[in-house]
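Residue-level structure breakdown
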Amino acid sequence: MRWATALSIWALSVSLVSIHGAQAAGKTEVMPMVKSAPRAVVIEAIGNEPDLRKQLRTKNGVTELGATRVPFSQAPAGSYGFIAPQPLGMALVTQSPDLVLERSAPAPNAFEIHKLSDGSGLVVGFIEKALIAQVTPENRPHHVRVALGSNRSDKTPYIAAVPLIKLMVDRMPVRLEPRNAESPVVLEMDLQGTANRKSVPGIQ
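To start, this report covers the structure provided alongside it.

Cut-offs applied
Residues numbered from 1 in each chain as written. Predicted model: local features only at pLDDT ≥ 70, side-chain atom pairs only at ≥ 80, totals over all residues. Heavy atoms only, no water. Core = buried A, V, L, I, M, F, W, Y, C linked by side-chain atoms within 4.5 Å. Buried < 20%, exposed > 50% of the residue type's maximum accessible area, 1.4 Å probe, protein only. Helix = DSSP H or I, 4+ residues; strand = E, 2+ residues; numbered from the N terminus. Contact = heavy atoms within 4.5 Å. Expected span 1.5 Å × (residues − 1). Polar contact = N/O pair within 3.5 Å; in protein donor to acceptor, adjacent residues only side chain to side chain. Salt bridge = Lys/Arg side-chain N within 4 Å of Asp/Glu carboxyl O. Phe/Tyr/Trp six-rings, centres within 6.5 Å; stacked < 30°, edge-to-face > 60°.

This brings us to the nonpolar core. Membership of the largest hydrophobic core comes to 32 residues, with the highest contact counts inside it found for Leu 88, Leu 99, Val 123 and Ile 127. Counting only elements with at least two residues in this core, the list comes to helix 3 (85-93), strand 6 (111-115), strand 7 (121-127), helix 4 (129-135), strand 8 (143-149), strand 9 (158-163) and strand 12 (185-192). For this core, the element with the most residues is strand 12, which contributes four residues. With residues near it in sequence (within four places) discarded, Val 123 still touches Leu 88, Phe 111, Glu 112, Ile 113, Leu 148, Ala 160, Ala 161, Val 162, Leu 164 and Leu 167.

Here you go:
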């Protein structure tokens, strides 16, 4: 009788340990993965625009979109596309939940968008040398005003990719040559120290 009682207690203990372990494992599996906001990426080298874009794409691990036109939220992770300045500006100013990307640049002054492997988004542009130290994570203040050019110029020769989730934009892109529809544009924005946009393309 005592032996049977002891055996029952042992079996119950084993069952409880197994159930507890399964529950713990279940919690580990269903816990949502917390994404940290991506960092700004800068190529600290001067070159021609196509080469700089290629270097940045390689560094960010992105390849050309397969579809001709697709919303950012449906674009595959690890891809890049383009968006014209006005739609991008409108989406950022209104904090639109999505962007429509095109495989080929719809205009010479289109902005390039990278969708990283974790699904987060970066907008690509060109900055002046003085901004490099300010946009890099280890040196960036709480927030910094950034003028991001759509194309390389003598004034903005360095290519950079800044996280959409950290951008606060209150104005539309401005053409450097107002009468030229294909003129390079500049998009002014605040690059925040933390992610604080209410809705961000590609962040599920």
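Here we come to helix 2 (residues 49-60). For helix 2, spanning 12 residues, the distance from its first C-alpha to its last is 17 Å, which sits close to the expected 16 Å at 1.5 Å a residue. Structurally, helix 2 contributes buried residues whose contacts are with strand 1 (41-42), strand 4 (79-83), strand 6, strand 7 and strand 9. The N-cap residue of helix 2 is Asn 48: its side-chain oxygen and the backbone nitrogen of Asp 51 are 2.9 Å apart. Two residues or fewer past helix 2, Gly 61 is found with a positive phi of approximately 70 degrees.

Next up on the list: the pattern of salt bridges. Taken as a whole, this structure holds nine salt bridges when the rule is applied. The partner of Glu 188 in a salt bridge is Arg 145, with the nearest N and O atoms 3.7 Å apart. Of this pair, Glu 188 sits in strand 12 while Arg 145 sits in strand 8, placing them 43 residues apart in sequence. Here Arg 145 and Asp 190 are joined by a salt bridge, their closest N and O atoms 3.3 Å apart. Of this pair, Arg 145 sits in strand 8 while Asp 190 sits in strand 12, placing them 45 residues apart in sequence. Judged by relative accessible area, which is 32%, Arg 145 ranks as partly exposed. Overlapping salt bridges, with partners in common, bring together Arg 145, Asp 170, Arg 171, Glu 188 and Asp 190 in one network.

Applying the stated criterion across every chain, the model contains one aromatic pair. With a centroid separation of 6.0 Å and 85 degrees between ring planes, the pair formed by Tyr 80 and Phe 82 is classed as edge-to-face. The exposure class assigned to Phe 82 is buried, which follows from its relative accessible area of 10%.

Positive phi, close to 55 degrees, is recorded for Gln 95, a residue that is not glycine. Residue position: Gln 95 is located in the loop between helix 3 and strand 5 (100-102).

Remember that the coordinates give geometry; whether it matters functionally is a separate question.
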